Amino acid sequence: MNRQVPFAPEEFFHLYNRGTNKMPIFLDKNDRERFLKLLYISNCSNLGKYSDIEISPGRTWTMIGEEQLVNIGAYCLMPNHFHILIKVKNEKDTSIYLQKLLTSYSMYFNKKYGRSGTLFEGKTKSKHVTEDRNLKYLFSYIHLNPVKLIDSRWREDGPKDLTKIQKYLSEYGYSSYLDYAGISRPEKIIINKDPFPEYFKTSTEHVNELLGWLKFYEE
């Protein structure tokens, strides 16, 4: 089945998928860290040895990829789903990237937990992002996803504790928020900001953008 909107070169897409029957796909810290490493490894055309991930702690972040299949601008892992914002280079490489990422993680997960069968809920969903304001908002939408883990109805009822939420986001290591908030870490190699509009010239601007959305829902 073809996608309703093909992965056109130089276009932006919001990708997301979840566990089949809404099942959790990240059960512990090691699962989340494995997926982060695969976000990077799968995106490098010359880094195909997934066994290298297991050689030594941190080795993934020292491996240099010659060319990336897609440009990743933002991402977030949640217990039963993930979000990735990309800028497409070409349709073929984007499809290859998704296949490598999901297949390798599914094999890891099924082996670790002694299960078989499909892990993800069908083909990864993709939304074509054509308006500049929507693209800018997606950085906040994706990075604010973890708020639901400590305040499940913050969008409906407004956030309960802004200070607590800000602290939680600053400690949540499974999204690219930290890379936009100016925190230096090895995982920053996953994203490539250059192909995306420079909405946030400083880390403070991005932090304030998220705070602005939180206050919007608070009101």
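Report follows, based on the coordinates. Treat the numbers as computed from the prediction; the structure is a model and nothing was measured.

Assigned secondary structure in the chain consists of seven helices and four strands. Tracing the chain from N to C terminus, the helices and strands come up as β-α-β-β-α-β-α-α-α-α-α. Against the compact-globule benchmark of 17 Å for 219 residues, the chain has a radius of gyration of 17 Å, which places it among compact chains. For the chain, the spread of C-alpha atoms along the principal axes amounts to about 50 × 40 × 35 Å.

Within strand β3 (residues 81-87), seven of the seven residues are buried, which leaves it mostly tucked inside the rest of the structure. Of the two faces of β3, the one holding H81, H83, L85 and K87 and the one holding F82, I84 and I86 are both buried throughout. Pairing of strand β1 (residues 12-18) with β3 involves seven bridges; the strand directions are antiparallel. Paired with N17 across the strands is F82, a residue of β3.

Looking at where P197 falls in the secondary structure, it is placed in the loop between α6 (177-180) and α7 (203-218). P197 sits in the partly exposed class, given a relative accessible area of 32%. Along the chain, P197 and M107 lie 90 residues apart, while their C-alpha atoms are 35 Å from each other.

The first and last C-alpha atoms of helix α1 (residues 29-41) sit 18 Å apart over 13 residues, in line with the 18 Å expected at 1.5 Å per residue. Packed against the buried residues of α1 are β2 (71-78), β3 and α2 (91-113). Backbone nitrogen of N30 and a side-chain oxygen of the N-cap are separated by 3.1 Å at the start of α1; the cap is D28.

Looking now at the packing of helix α5 (residues 162-171) against α7. In the contact formed by α5 and α7, the axes pass within 11 Å of each other and the chain directions differ by 145°. Once α5 is placed against α7, the crossing between them reads as right-handed. Of the residues in α7, those touching α5 at L162, I165, Q166 and L169 are L210, L211, L214, K215 and E218. Looking at the contact of α5 with α7 residue by residue, the classes come out as six nonpolar, one polar and two charged.

Quick notes on the rules
- Residues numbered from 1 in each chain as written.
- Predicted model: local features only at pLDDT ≥ 70, side-chain atom pairs only at ≥ 80, totals over all residues.
- Heavy atoms only, no water.
- Helix = DSSP H or I, 4+ residues; strand = E, 2+ residues; numbered from the N terminus.
- Rg over C-alpha atoms; globule rule 2.2 N^0.38 Å.
- Buried < 20%, exposed > 50% of the residue type's maximum accessible area, 1.4 Å probe, protein only.
- Pairing = 2+ DSSP bridges.
- Expected span 1.5 Å × (residues − 1).
- Contact = heavy atoms within 4.5 Å.
- Polar contact = N/O pair within 3.5 Å; in protein donor to acceptor, adjacent residues only side chain to side chain.
- Axes fitted to C-alpha atoms, helices over the stretch in contact; angles between N-to-C directions.
- Left-handed = near helix turned anticlockwise from the far one by under 90°.
- Nonpolar A, V, L, I, M, F, W, Y, C, P; charged D, E, K, R; others polar.

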